[in-house]
2 protein chains.
Amino acid sequence: MLPLTSMTGFLLQKSGAILLAHAERALEARGTRVRHFYVLAALNDTPDLSQHDLSQMIGIDAGILGSLIDEMETDGHVERRRNPLDKRRYVVNITKLGRDVLVVLLDDMQKIEQEFLSSLSDSEAGNLRKYLERALAGRWPEVIECGSPGEI
Amino acid sequence: MLPLTSMTGFLLQKSGAILLAHAERALEARGTRVRHFYVLAALNDTPDLSQHDLSQMIGIDAGILGSLIDEMETDGHVERRRNPLDKRRYVVNITKLGRDVLVVLLDDMQKIEQEFLSSLSDSEAGNLRKYLERALAGRWPEVIECGSPGEI
DNA sequence: TATTGTTATACTCTATAACTATA
DNA sequence: TATAGTTATAGAGTATAACAATA
């Protein structure tokens, strides 16, 4: 029997947990957490997200995301207004200041990632990314209904 | 900039979390959790572990592991006695019944893993495992001092 | 003085459900 | 009736520190 420490599932889970712990430790020095980075990066990729779609995209509970966005709005990193086409929804966007912060956090995150993968060649790291993308396809991120009434 | 959902770190963290969630859901039907599987698998690979070394090997807090081992000893899946060479330490081992349980849980876990990786070929899944092993080398599991007084 | 293991406590996190407003 | 978002709360999970026994 393959030892536990060679089972792909165990390796995947521990890799993810260790990488996250490294990232949290690095971002702690900036007074932020990985979830702030996820929000900024998602909003930078996809404008005009509702909180609901954002919470599904990055996998954070809608309740937690609510207070997170409150905080980030106070800091001026994101802005939100009501969606005129569906007044239940917000339209959340990253601000100029948020983009500046994102540049710094992205640099931190990429350094952490590169350090973690430093024993792999560039092509191997590329393969790893492709494998994970394929394994996750259809499972993540949860489908955002782009034709939903939330679209502006 | 690479979208968040294509960053290897994000993919790794989400893959690990999703796979763990799948596994927890599958094992829930048997009244166990992934941590029980980890303990049984580690003890099956490595006899005569102390609780301290075991907690480092599978990455569970020593306090949590204590009550976990209590429970598993009551169920007859593990047994422990004091290490005669260092009476502070336990010597924990898997029992015959524990091995029977492990066979069942391992089958569950492998099915979950195969399903999760079903979009990869066998050689790709093998590559993925090798990449993760290399990325984790030296980071996990934490070194067990095999020459320590805990050895029998 | 340091380490193993146990226990208790406090803190964090998450999940749930209730609620308002809107569709 | 269903959905977006907010809020409060309970439960689970985790980390910490104190302690006893042993080295």
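Residues numbered from 1 in each chain as written. Chains lettered and ligands numbered in written order. Predicted model: local features only at pLDDT ≥ 70, side-chain atom pairs only at ≥ 80, totals over all residues. Heavy atoms only, no water.

Participant: Describe the protein's contact with DNA strand D, with residues and values.
Facilitator: Around DNA strand D, a shell composed of 16 residues is seen, among which Gln51(A), His52(A), Arg88(A), Tyr90(A) and Arg33(B) lie nearest. Taken together, the sugar and phosphate atoms account for 79% of what DNA strand D places within 4 Å of the protein. Between DNA strand D and Arg80(A), the relevant distance is 3.2 Å, taken from a phosphate oxygen to a side-chain nitrogen or oxygen of the residue. Note that a phosphate oxygen of DNA strand D is positioned 3.2 Å from one of the side-chain N or O atoms of Arg35(B). When contributions to the surface near DNA strand D are tallied by element, the ones reaching two or more residues are α3 (51-58), α4 (62-74) and β2 (86-94) of chain A together with β2 (86-94) of chain B. (Near = heavy atom within 4 Å. Polar contact = N/O pair within 3.5 Å; in protein donor to acceptor, adjacent residues only side chain to side chain. Helix = DSSP H or I, 4+ residues; strand = E, 2+ residues; numbered from the N terminus.)

Participant: Any details on the interface of chain B and chain A? Residues and values, ideally.
Facilitator: At the junction of the two partners, chain B supplies 53 residues and chain A supplies 53 residues. Overall, the association of chain B and chain A removes approximately 5,100 Å² of surface from exposure, summing both partners, and the carbon and sulfur fraction of that is 69%. Put simply, chain B and chain A have four salt bridges between them. Between Glu124(B) and Arg134(A) there is a salt bridge, with the nearest N and O atoms lying 2.8 Å from each other. Applying the counting criterion to the chain B and chain A interface returns 22 residue pairs in polar contact (both at pLDDT 80 or more). Elements with a minimum of two residues in the side of chain B that touches chain A: α1 (8-28), α2 (34-45), α3 (51-58), α5 (96-116) and α6 (122-136) of chain B. Examining the composition of the side of chain B that touches chain A, we find that 13 residues originate from one element, α1(B), more than from any other. Of the residues that constitute the side of chain B that touches chain A, the class distribution is 30 nonpolar, 14 polar and nine charged. (Contact = heavy atoms within 4.5 Å. Buried area = accessible area lost by both parts, 1.4 Å probe. Salt bridge = Lys/Arg side-chain N within 4 Å of Asp/Glu carboxyl O. Nonpolar A, V, L, I, M, F, W, Y, C, P; charged D, E, K, R; others polar.)

Participant: Could you give an account of the packing of aromatic side chains, naming the residues involved and the relevant values?
Facilitator: By the definition in use, this model includes five aromatic pairs over all chains. When the centroid spacing of 4.8 Å and the interplanar angle of 85° are considered together, the rings of Phe10(A) and Tyr38(B) count as edge-to-face. Remark: Tyr38(B) occurs in helix α2 and Phe10(A) occurs in helix α1 (residues 8-28); the pair is interchain, linking two chains. Ring centres of Tyr131(A) and Tyr131(B) lie 6.2 Å apart, and the angle between their planes is 10°; on these two criteria the pair is classed as stacked. With Tyr131(A) in helix α6 (residues 122-136) and Tyr131(B) in helix α6, this residue pair bridges two chains. Residue Tyr131(A) shares its accessibility class with Tyr131(B), and that shared class is buried. A connected cluster of aromatic rings, assembled from ring pairs, spans Phe10(A), Phe37(B) and Tyr38(B). Of note, Arg80(A) hangs over the ring of Tyr90(A), and the distance from its end group to the ring centre comes to 4.8 Å. Cation over ring: Arg82(B) sits above Tyr90(B), and NZ or CZ is 4.0 Å from the ring centre. (Phe/Tyr/Trp six-rings, centres within 6.5 Å; stacked < 30°, edge-to-face > 60°. Buried < 20%, exposed > 50% of the residue type's maximum accessible area, 1.4 Å probe, protein only. Lys NZ or Arg CZ within 6 Å of the ring centre and 35° of its normal.)

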